[in-house]
Amino acid sequence: QVQLIESGGGSVQAGGSLNLSCAVSAHPASRYCQAWFRQAPGKEREGVAVINSILPVTKYAASVKGRFTISQDNVATMVYLQMTNLKPEDTAMYYCATRGVGACDLDEAGFDYWGRGTQVTVSS
């Protein structure tokens, strides 16, 4: 069983920054793809950023590109999301997810383990 635990959420004003962390309890070799998703009230969950630890390659949603940075530690047991220049529309529950097979992209299909989420609230 793989467990993911997010932390670092909170409330900030527009233009501020937050750093999210996700602890992944899995053998790094079995979990090559880690991602951050978010879901705002009344909206579908969307992919924010993904990292392929083997290549390594990162991908971002257009709405966060240039503002958010996904990274991981050397052993891929911690995944981070640095968020800068936050906007009110970034307000959402942020989830960490991982997969061990298939394409490493922003499509949530195929991500088989998820954290419980951490809330990010950005006020104007």
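Residues numbered from 1 in each chain as written. Predicted model: local features only at pLDDT ≥ 70, side-chain atom pairs only at ≥ 80, totals over all residues. Heavy atoms only, no water.

(A) Examining the packing of aromatic side chains more closely. A full pass over the atoms with the stated rule returns three aromatic pairs. Both rings, one in Phe-37 and one in Trp-114, keep their centres 4.8 Å apart while their planes meet at 50 degrees; by these two values the pair is tilted. Of the two residues, Phe-37 is situated in strand β4 (residues 33-39) and Trp-114 in strand β10 (residues 113-114); the sequence distance between them amounts to 77 residues. Given a relative accessible area of 1%, Phe-37 falls into the buried group. By relative accessible area, which is 25% here, Trp-114 ends up partly exposed. Three or more aromatic residues joined by ring pairs form one cluster here, namely Phe-37, Phe-111 and Trp-114. Directly above the ring of Trp-114 sits Arg-45, whose terminal nitrogen or CZ lies 3.8 Å from the centroid. Over the ring of Phe-111 we find Arg-99; its NZ or CZ atom is 5.3 Å from the centre of that ring. (Phe/Tyr/Trp six-rings, centres within 6.5 Å; stacked < 30°, edge-to-face > 60°. Helix = DSSP H or I, 4+ residues; strand = E, 2+ residues; numbered from the N terminus. Buried < 20%, exposed > 50% of the residue type's maximum accessible area, 1.4 Å probe, protein only. Lys NZ or Arg CZ within 6 Å of the ring centre and 35° of its normal.)

(B) Structural detail: the sheet that holds strand β1 (residues 3-7). Spatially, the four strands line up as an open sheet ordered β1-β3-β8-β7, and their pairing is antiparallel. This sheet does not close on itself; its edge strands, each paired only once, are β1 and β7 (68-72). Neighbouring strand axes in the sheet, compared pairwise and without regard to direction, differ in orientation by 15 degrees on average. In terms of strand pairing, β1 meets strand β3 (residues 18-25) through five bridges, oriented antiparallel. Opposite Ile-5, over in β3, you have Ala-23 as the bridge partner. (Pairing = 2+ DSSP bridges. Axes fitted to C-alpha atoms, helices over the stretch in contact; angles between N-to-C directions.)

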